[in-house]
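# Inside the fold
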Amino acid sequence: MSKLVIVGTVAFDAIETPFGKTDKILGGAATFIGLAASQFDVDSAVVSVVGGDFPQAYLDLLKDRHIDISGIEMVKNGKTFFWSGRYHNDMNSRDTLATELNVLADFNPVVPQNYRDAEIVMLGNLHPAVQIGVLDQMDKKPKLAILDTMNFWMDNALDTLHEVIKRIDVITINDEEARQLTGEYSLAVAAKKIQNMGPKYVVIKKGEHGALLFNGGNAFFAPALPLEEVFDPTGAGDTFAGGFAGYIAKTGDTSFENIKNAVIYGSTLASFCVEKFGTERMLSLSQDEIAKRLKQFKDLTQFEIQLT
Ligand code: AMP
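Rules used in this analysis
Residues numbered from 1 in each chain as written. Predicted model: local features only at pLDDT ≥ 70, side-chain atom pairs only at ≥ 80, totals over all residues. Heavy atoms only, no water. Phe/Tyr/Trp six-rings, centres within 6.5 Å; stacked < 30°, edge-to-face > 60°. Helix = DSSP H or I, 4+ residues; strand = E, 2+ residues; numbered from the N terminus. Buried < 20%, exposed > 50% of the residue type's maximum accessible area, 1.4 Å probe, protein only. Near = heavy atom within 4 Å. Polar contact = N/O pair within 3.5 Å; in protein donor to acceptor, adjacent residues only side chain to side chain. Nonpolar A, V, L, I, M, F, W, Y, C, P; charged D, E, K, R; others polar. Patch = residues over 30% accessible without salt bridge, like charges linked within 9 Å, V, L, I, M, F, W, Y side chains within 5 Å. Areas by Shrake-Rupley, 256 points an atom, 1.4 Å probe, with all protein chains shown as cover. Salt bridge = Lys/Arg side-chain N within 4 Å of Asp/Glu carboxyl O. Core = buried A, V, L, I, M, F, W, Y, C linked by side-chain atoms within 4.5 Å. Contact = heavy atoms within 4.5 Å. Axes fitted to C-alpha atoms, helices over the stretch in contact; angles between N-to-C directions. Parallel < 35°, antiparallel > 145°, perpendicular 65-115°, else oblique. Left-handed = near helix turned anticlockwise from the far one by under 90°.

It is worth spelling out the packing of aromatic side chains at this point. Applying the stated criterion across every chain yields a total of 10 aromatic pairs. Between F40 and Y265 the ring centres are 5.3 Å apart and the planes differ by 70 degrees, which places this aromatic pair in the edge-to-face class. Placement of the pair is F40 in the loop between helix 1 (29-37) and strand 5 (43-51) and Y265 in helix 9 (residues 256-273), with a sequence separation of 225 residues. Overall, F40 belongs to the buried group, its relative accessible area being 7%. Between the aromatic rings of F240 and F244, the centroid separation amounts to 6.3 Å while the plane-to-plane angle is 25 degrees, which identifies the pairing as stacked. Note that F240 and F244 are positioned in helix 8 (residues 236-251) at a spacing of four residues, about one turn of the helix. Here F240 matches F244 in class, with each residue buried.

As structure tokens, then:
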């Protein structure tokens with residue numbers, strides 16, 4: 001089993017969907033990633049920052065799942081990162097209503113000493129300069145560095161984002177963001193262009209339409225399960241990334257065949273995340289439920305056809 005370092009926001013979210021609305025609840029990229037990865041019982045640490053307004057009970061939720069939180073700095077007189085979004089009726093697109101960086105604006109990440117030799121690094125969504133700061137602190141180049149990002153950073157820190165993209169092995173990005181990053185409409189062409197920027201593996205997430213994996217001449221597609229209830233898609237991308245990274249950390253195998261399985265695990269875990277608001281579903285998820293859904297995934301995509 002490999003050690004896993006996770007960096008990303010630990011946040012307050014306020015969410016509106018056609019089904020309801022929340023006040024400030026627990027959110028953040030690193031929160032969703034950590035919860036998903038914890039399903040694999042890996043040795044993981046979250047590096048992030050929160051303000052003095054962040055409840056200890058939220059940090060305890062991570063600690064209870066054996067996630068090392070010594071790399072989560074608390075700025076007593078600061079406010080926690082806050083994000084608010086409203087989903088459209090199709091639940092596939094959303095408007096960001098607010099992004100308040102607060103303590104994230106001056107954050108200098110510190111990777112705990114005993115995680116600087118981690119083989120797997122999951123650079124979750126936050127300022128690319130912070131993502132670079134984490135890579136710089138690792139003792140040696142990790143076996144696999146995975147990056148997730150979003151349009152906000154393309155709009156606000158594109159040059160720095162390009163610098164970190166050069167240094168990673170896997171990027172997970174959604175379809176619209178892949179198009180924005182490359183200026184290409186075709187996702188196959190966009191994936192090629194992104195591979196030329198650095199990462200060997202490009203994972204393009206397409207929400208309810210599944211995820212595509214590109215690696216050199218190889219491609220793989222995983223559908224999303226056709227769910228009867230999608231309640232709140234917030235954190236689905238991060239949960240995908242956490243499932244992906246957690247599975248690789250557990251298996252230690254970075255071959256294309258195994259990365260395909262990581263995409264399946266990521267998709268499976270993300271399919272739970274959307275069933276309730278925020279982190280609620282991920283907090284009550286059992287191994288049995290995951291196993292059942294993996295089987296559903298397999299059944300959904302298997303067929304026998306006679307080729308003449
Ligand atoms: P996802 O739905 O997977 O894109 O992730 C939503 C989560 O990302 C929410 O919990 C937010 O707190 C967090 N988030 C939203 N905007 C940003 C941003 N610009 N940087 C880092 N995290 C963000």
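Structure's up, so let's keep going.
Another point: the site of the ligand. What surrounds the ligand is a group of 20 residues, the closest being D13, G28, R94, G235 and D238. With respect to the ligand, the backbone of G28 contributes an N or O atom lying 2.7 Å from an oxygen atom. One nitrogen or oxygen atom from the main chain of G237 is found 3.1 Å from an oxygen atom belonging to the ligand. Every element with two or more residues in the shell around the ligand is listed here: strand 2 (11-17), helix 4 (151-156) and helix 8. A per-element tally of the shell around the ligand places helix 8 first, with three residues. A per-class count over the shell around the ligand returns 10 nonpolar, seven polar and three charged.

Together, F303, I305 and L307 make up an exposed nonpolar region whose accessible area comes to about 420 Å². By secondary structure assignment, the location of F303 is in the segment after helix 11 (287-301).

Further remarks concern the nonpolar core. Residues L4 and F244 are the most contacted members of the largest nonpolar core, which totals 56 residues. Of all hydrophobic cores here, the second largest spans 47 residues; its members include W83, V111, M150 and L181.

For V49, the location among the structural elements is in strand 5. Distance in space between the C-alpha atoms of V49 and L187 is 34 Å, their sequence separation being 138 residues. Not counting chain neighbours up to four residues away, the residues in contact with V49 comprise V10, I72, E73, V75, V103, L104 and F107.

Where helix 3 (residues 128-137) contacts helix 5 (residues 158-166), the axes come no closer than 8 Å and their chain directions differ by 30 degrees. On the basis of their axis angle, the class for helix 3 and helix 5 is roughly parallel. The crossing of helix 3 and helix 5 is left-handed. Counted together, P128, A129, Q131, I132 and L135 of helix 3 and T160, L161, E163 and V164 of helix 5 form the full contact between these two elements. Residues that form the contact of helix 3 with helix 5 fall into these classes: six nonpolar, two polar and one charged.

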